[in-house]
Amino acid sequence: MSEVKISAATRTEFGKGAARRIRREDKVPGVLYGHGSDPVHLTLPGHDLLMALRTPNVLIALDIDGKTNELAIPKSVQRDPLKGFLEHVDLLLVKRGEQVTVEIPVHTEGELAPGGNLLEHVLNALPVEAEATHIPESVTVSVEGLEAGASVLAKDIELPKGVTLAVEEDAVVLQVLAAQAEEAPEGEEAAEEEAAEA
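This is a predicted model, so every value here is computed, not measured. (Residues numbered from 1 in each chain as written. Predicted model: local features only at pLDDT ≥ 70, side-chain atom pairs only at ≥ 80, totals over all residues. Heavy atoms only, no water.)

## A word on the pairing of strand β1 (residues 3–10)
Examined bridge by bridge, β1 and strand β4 (residues 59–64) share 6 bridges and lie parallel to one another. Residue Lys5 lies in a different strand from β4, and its bridge partner there is Ala61. Two elements, β1 and strand β3 (residues 37–45), share 2 bridges in a ladder whose sense is antiparallel. When the bridges of β3 are listed, Thr10 appears paired with Leu42. (Pairing = 2+ DSSP bridges. Helix = DSSP H or I, 4+ residues; strand = E, 2+ residues; numbered from the N terminus.)

Take a look at the structure:
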């Protein structure tokens, strides 16, 4: 996984008013924490951060005030529910070689067995443990030919080298549900029969 370099500045103003001022300048307030150190309050460039967050579990190389360089991964991202812009981000400090627990998206490929079956994502993301600088962007699972009642367990998913499950092996990730035939309510059927007889 490649690193995304972002320049950040420490901030000393807090509260809603300060956060609004920061967002008006197309910047995002954030907090960097981890490794037992005191949280560092940051201001990050909005557009650069938005582009970086398009990659799940992106590794961010932070240049803070041009003095310190830190590696971090996004832990919590708050967006405006209506407009979608970034409101706040929590970043977790990581070190090279350190194992971290993250959730990676599960993608599927292939077609289910014929019959209008439905694929349910029980887990949209798979909890795994990986080295901080080698977090996979996602995992892909083949659902080719799976029939109703079939399920894919966490242990069935092939993970990249050095990545281990951080969830029970028997946890259901995907399952195939039988298509439900829609039945008309009894009252409607009776009304239709009466209309046909009239």
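## Considering the sheet that holds strand β10 (residues 139–142)
Taken in spatial order, the 4 strands make up an open sheet running β10-β7-β9-β12, and their pairing is mixed. Lying at the two open borders of the sheet, with one neighbouring strand each, are β10 and β12 (164–165). Taken together, the 2 bridges between strand β9 (residues 125–131) and β12 define a ladder with antiparallel strand orientation. What sits directly across from Val128, in β12, is Leu165.

## Notes on the nonpolar core
Ile73 and Leu126 are the most contacted members of the largest nonpolar core, which has 25 residues in total. Elements that contribute at least two residues to this core include exactly β4, β5 (68–79), β6 (86–94), β7 (99–109), β9, β10 and β13 (172–177). The contacts of Ile73, once residues within four sequence positions are left out, are Asn57, Val58, Leu59, Asp90, Leu91, Leu92, Val94, Val100, Val102 and Ile135. Counting residues in hydrophobic clusters, the runner-up holds 18 residues, among them Leu32, Leu42, Ala52 and Leu62. (Core = buried A, V, L, I, M, F, W, Y, C linked by side-chain atoms within 4.5 Å. Buried < 20%, exposed > 50% of the residue type's maximum accessible area, 1.4 Å probe, protein only. Contact = heavy atoms within 4.5 Å.)

## What to know about the pattern of salt bridges
Per the counting criterion, the structure on display carries 1 salt bridge. Where Lys155 meets Asp170, a salt bridge forms, and the shortest distance between an N and an O atom there is 3.2 Å. Of this pair, Lys155 sits in the loop between β11 (151–153) and β12 while Asp170 sits in the loop between β12 and β13, and the two are 15 residues apart along the sequence. Taking relative accessible area as the criterion, Lys155 reaches 46% and is therefore assigned partly exposed. By relative accessible area, which is 52% here, Asp170 ends up exposed. (Salt bridge = Lys/Arg side-chain N within 4 Å of Asp/Glu carboxyl O.)

## Quick notes on unusual backbone geometry
The phi torsion at Asp65 lies on the positive side, around 55°, for a residue other than glycine. Tracing the backbone through its elements, the reader meets Asp65 in the loop between β4 and β5.

## What to know about the side chain of Asp90
With respect to the helices and strands, Asp90 occurs in strand β6. Here His88 takes part through its side chain, which lies 3.5 Å from a polar atom of the side chain of Asp90. Ignoring anything within four residues of it in the chain, the contact list for Asp90 reads Val31, Tyr33, Ile73, Pro74, Lys75 and Ser76. (Polar contact = N/O pair within 3.5 Å; in protein donor to acceptor, adjacent residues only side chain to side chain.)

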